[in-house]
Every structure is written in C-alpha cells, then in structure tokens.
Amino acid sequence: MDHYLVTGGAGFIGSHLTEELIRRGHQVRVADNLSTGKRANLDHVSGVEFLEGDLADLDFAHRAVRGCDYVLHQAAIPSVPRSVKDPIASNRANVDGTLNVLIASRDAGVKRLVFAGSSSAYGNTPTLPKHEDMPSSPLSPYALQKVVGEQYLQMFTRLYGLETVSIRYFNVFGPRQDPSSPYSGVISAFASALIENRSPRIYGDGEQTRDFTYVANVVDGVLRATEAPRASGEVINVATGGRISLNELFRTMRDLVGASVEPTYEESRTGDVRDSQADITKARTILNYEPIVSFEEGLRRTVEWYRTAGATASA
Ligand code: UD1
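First things first, this report covers the structure right here in the doc. Note that the structure is predicted; figures quoted are calculated from it, not measured.

Observations concerning the site of the ligand
Lining the immediate environment of the ligand, one finds 22 residues, of which Pro-78, Ser-118, Arg-201, Arg-210 and Asp-272 sit closest. Interatomic distance of 3.0 Å between a side-chain N/O atom of Asn-171 and an oxygen atom of the ligand. Arg-269 is positioned with one of its side-chain polar atoms (N or O) 3.2 Å from an oxygen atom of the ligand. Burial of the ligand by the protein amounts to 92% of the accessible area it has alone, namely 740 Å². Contributing elements (two or more residues each) for the shell around the ligand: helix H6 (186–195) and strand S8 (201–203). Ranked by the residues each element gives to the shell around the ligand, the list is headed by S8, at three residues. Class assignment for the residues of the shell around the ligand results in 10 nonpolar, eight polar and four charged. Formed jointly, the shell around the ligand draws a minimum of three residues from each of two domains, domain 1 (3–172 + 211–241) and domain 2 (174–210 + 242–276 + 294–309).

Brief notes about helix H10 (residues 295–307)
Along its 13 residues, H10 runs 18 Å from first to last C-alpha, staying within 8% of the 18 Å computed at 1.5 Å per residue. Among all positions in H10, only Phe-295, Gly-298, Leu-299, Thr-302, Val-303, Trp-305 and Tyr-306 are buried. Angularly, the buried residues of H10 cover 160° about the axis, an arc narrow enough to put them on a single face.

Observations regarding the sheet that holds strand S1 (residues 3–7)
Across the sheet, which stays open at both edges, the seven strands sit in the order S3-S2-S1-S4-S5-S6-S11 with parallel pairing between neighbours. With partners counted over all chains shown, the strands left at the sheet margins are strand S3 (49–52) and strand S11 (234–238), one partner each. Strand-to-strand, the axes of this sheet are offset by a mean angle of 20°, without reference to chain direction. Sheet topology places S1 next to strand S4 (residues 70–73); four bridges connect them, and they run parallel.

With respect to unusual backbone geometry
In the segment running from Leu-128 into Pro-129, the intervening peptide bond is cis, with an omega of -5°. One non-glycine residue, Arg-176, adopts positive backbone phi at about 80°. One non-glycine residue, Asn-288, lies in the positive phi region at around 60°. Considering the arrangement of structural elements, one finds Asn-288 in the loop between helix H9 (281–287) and H10.

With respect to the pattern of salt bridges
Scanning all chains against the criterion turns up 22 salt bridges. A salt bridge links Asp-54 to Arg-92, with the nearest nitrogen and oxygen atoms 3.0 Å apart. With Asp-54 in the loop between S3 and helix H2 (58–65) and Arg-92 in helix H4 (residues 87–108), this pair connects stretches of sequence that are 38 residues apart. A residue is classified by how much of its surface remains accessible, and Arg-92, at 41% relative accessible area, is partly exposed. Arg-106 is the salt-bridge partner of Asp-107, the closest N and O atoms lying 2.9 Å from each other. Asp-107 gets classed as partly exposed once you look at its relative accessible area, which sits at 43%. The structure contains a network of salt bridges with shared partners spanning Asp-2, Asp-69 and Lys-111.

Criteria and thresholds
- Residues numbered from 1 in each chain as written.
- Predicted model: local features only at pLDDT ≥ 70, side-chain atom pairs only at ≥ 80, totals over all residues.
- Heavy atoms only, no water.
- Near = heavy atom within 4 Å.
- Polar contact = N/O pair within 3.5 Å; in protein donor to acceptor, adjacent residues only side chain to side chain.
- Areas by Shrake-Rupley, 256 points an atom, 1.4 Å probe, with all protein chains shown as cover.
- Helix = DSSP H or I, 4+ residues; strand = E, 2+ residues; numbered from the N terminus.
- Nonpolar A, V, L, I, M, F, W, Y, C, P; charged D, E, K, R; others polar.
- Domains from an automatic or database assignment.
- Expected span 1.5 Å × (residues − 1).
- Buried < 20%, exposed > 50% of the residue type's maximum accessible area, 1.4 Å probe, protein only.
- Arc of directions from axis to C-beta.
- Pairing = 2+ DSSP bridges.
- Axes fitted to C-alpha atoms, helices over the stretch in contact; angles between N-to-C directions.
- Salt bridge = Lys/Arg side-chain N within 4 Å of Asp/Glu carboxyl O.

Structure, rendered in structure tokens:
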C-alpha cells in the first residue's frame with residue numbers, strides 16, 4: 001500500500017483519481033482549498049484524509065506532502081476565460097502552487113510527482129493531431145501557466161533528481177464536472193442546459209473542434225504515469241485521439257437527452273484554441289495506454305449522471 005497525495009482531490013478529476021486509488025487499496029490524502037472543488041465530491045469515498053488549505057502557502061504544501069510516496073498534482077484554477085479575466089489569481093494557483101508542491105516533494109523525498117498539464121499548451125498548431133514534440137504556443141495565461149508548470153517539473157528532475165511526469169489533458173469530461181459556473185467545461189454546461197430544456201450557448205461559429213476525453217481514461221493514464229519506468233521527465237498527451245466540433249457535440253447531446261432546443265451563438269472567447277486533437281502514440285509507447293471508454297460511451301454515462309445525481313448535486 002502506497003501513500004498518495006492528490007492535490008485538488010475535491011475537484012472533478014482529482015475526486016475520480018482519489019476514488020480509484022482508494023479502490024486499489026492505497027492510502028490517500030487530499031489537499032484542497034475548495035475554491036473550485038467541493039467536499040461533497042468525496043462523500044461517497046471512505047478513508048480519505050482531507051486537508052483544507054492553499055498550496056500557494058509553502059508551509060501548507062510541506063504539511064500536505066509530508067509522508068507521501070506519490071503526488072498527483074491536480075490543484076489548479078482550470079479555466080482559460082477565467083485566466084484571461086484574472087491572470088494574477090490564476091497564476092498564484094497554477095504557478096506558485098505548483099512550485100511549492102515541487103519544493104515540498106523534493107524535500108520530502110517523494111518517489112514521483114505527476115502533474116495535470118493541458119492541451120492548451122499547444123495553441124493553434126499548423127497541423128493535427130498535436131504531438132509532444134511540437135513547440136508550445138500558449139494563447140492564454142492559463143495555457144502559459146501550465147507550460148511553466150511542465151518546465152518547472154522537468155527542471156526539478158534535472159536539478160534535484162525528483163521524478164516527475166506531466167500529463168497533458170484534452171478537454172476532460174464526466175460525472176461531477178461542475179456545470180454551474182460561467183467557466184464550466186462545455187459538456188457539463190450543455191448537459192445541464194439540455195436536461196432543463198434551456199438553450200446552450202455556443203461561442204463562435206461552433207466549428208471549433210476538441211478531443212473530448214472521458215475522465216476514466218485520464219485516471220488510467222495518470223496512474224500508469226506514476227509507475228511507468230521511462231516516464232520521468234516526460235510530457236505526455238492523454239486523450240482519445242479523435243475530435244468533434246461543438247455543433248456536432250450539441251446535436252449528439254441533444255439527441256441523447258431528447259431535448260428540442262436550438263443553441264444560442266455568441267461571440268467567440270478570447271484565448272480560445274480553434275482545433276484540438278491529440279496524437280497519443282507517446283502514451284501508448286511509454287505508458288502502455290489505450291483509451292478504455294470511448295467518447296460516445298463516456299457521453300452516455302455523463303448525460304445519465306447529470307440526469308440523476310447531477311440534478312441533486314448542483315441544486
Ligand atoms: C481548455 C483546454 C483544456 C483545459 C481546459 C480547462 C484547449 C484546447 N483545452 O479547454 O486542456 O483543461 O481549458 O478549462 O485549450 N464553449 C461554448 N459554450 C460553453 C462553454 C464553452 O461554446 O458554454 C466553447 C469554448 O469557447 C471552447 C469549447 O467550447 O471553444 C471548449 O471550452 P471549454 O470546455 O471551456 O474548454 P477549453 O477552453 O477548450
């Protein structure tokens with residue numbers, strides 16, 4: 001039994017990681033400031049040690065990491081538009097917090113730290129799919145902060161010998177993604193609108209595309225990254241490898257829900273990437289990763305969740 005710290009473990013992705021680690025019999029501590037996460041996301045998981053605090057505070061980061069073998073650093077303010085609106089708050093969470101977790105992990109002799117990177121690092125690349133050797137080209141403070149995090153990890157590996165891996169997430173979706181904020185991920189926003197027969201908002205012409213990834217795939221990829229022998233010092237895409245436009249996503253979800261509304265088109269968001277699709281060759285090679293839940297199946301499970309548990313969770 002290993003001891004894991006999941007930072008941001010009360011958030012959407014962090015709570016899924018925590019649940020799976022407990023299911024596998026590990027000891028798990030969650031550190032979260034509950035700025036976007038919720039205690040309720042862990043209500044169904046027993047045996048988790050919960051520490052409330054802010055990782056931008058180095059003392060708290062030291063307390064959080066102490067005694068842990070592995071650190072899964074998920075804590076972040078995970079929003080492109082929010083970072084455009086308030087780059088300082090977003091930098092504090094995404095860069096200061098990450099540096100503190102690295103320092104605390106180095107000092108505690110952690111075996112490996114796995115970081116939640118982002119596909120937004122690529123910006124608008126001339127070709128698709130996007131592979132890890134492409135230069136990063138951040139279009140928003142959020143994207144830049146995630147690139148800085150990755151580079152800090154690689155530097156800590158070189159300078160101090162701390163084993164680190166950055167996993168680049170591509171538009172992760174699934175149960176427990178919070179639909180209630182203006183910065184919510186698009187699938188959660190569409191699901192809650194359609195279930196209530198409200199008109200979802202589409203920013204821009206809706207022809208932008210994304211490699212939407214069901215959360216179970218990310219959990220699997222991250223947990224593989226804690227152990228894979230050749231992963232340290234690497235940046236690795238974890239996604240499904242496909243892409244779908246927002247207009248198509250809207251139609252698919254409307255059919256699934258059985259709603260009859262039309263979307264409302266609004267001006268596109270600044271900092272928005274046009275197309276996003278991952279090359280997952282590196283994840284296949286280094287992590288022996290293969291998507292375990294397809295986009296379609298993930299979407300079915302997600303819509304079902306928003307219909308049942310989601311209705312009460314977001315009430
Ligand atoms: C970006 C990152 C992703 C990161 C996420 C965190 C890219 C390619 N991906 O996702 O890695 O984890 O930020 O937030 O940069 N939209 C609507 N209606 C809505 C909400 C969103 O049309 O109600 C549009 C957005 O303008 C965007 C797309 O849907 O074009 C996806 O938006 P969102 O779910 O917020 O994620 P990204 O910004 O793509």
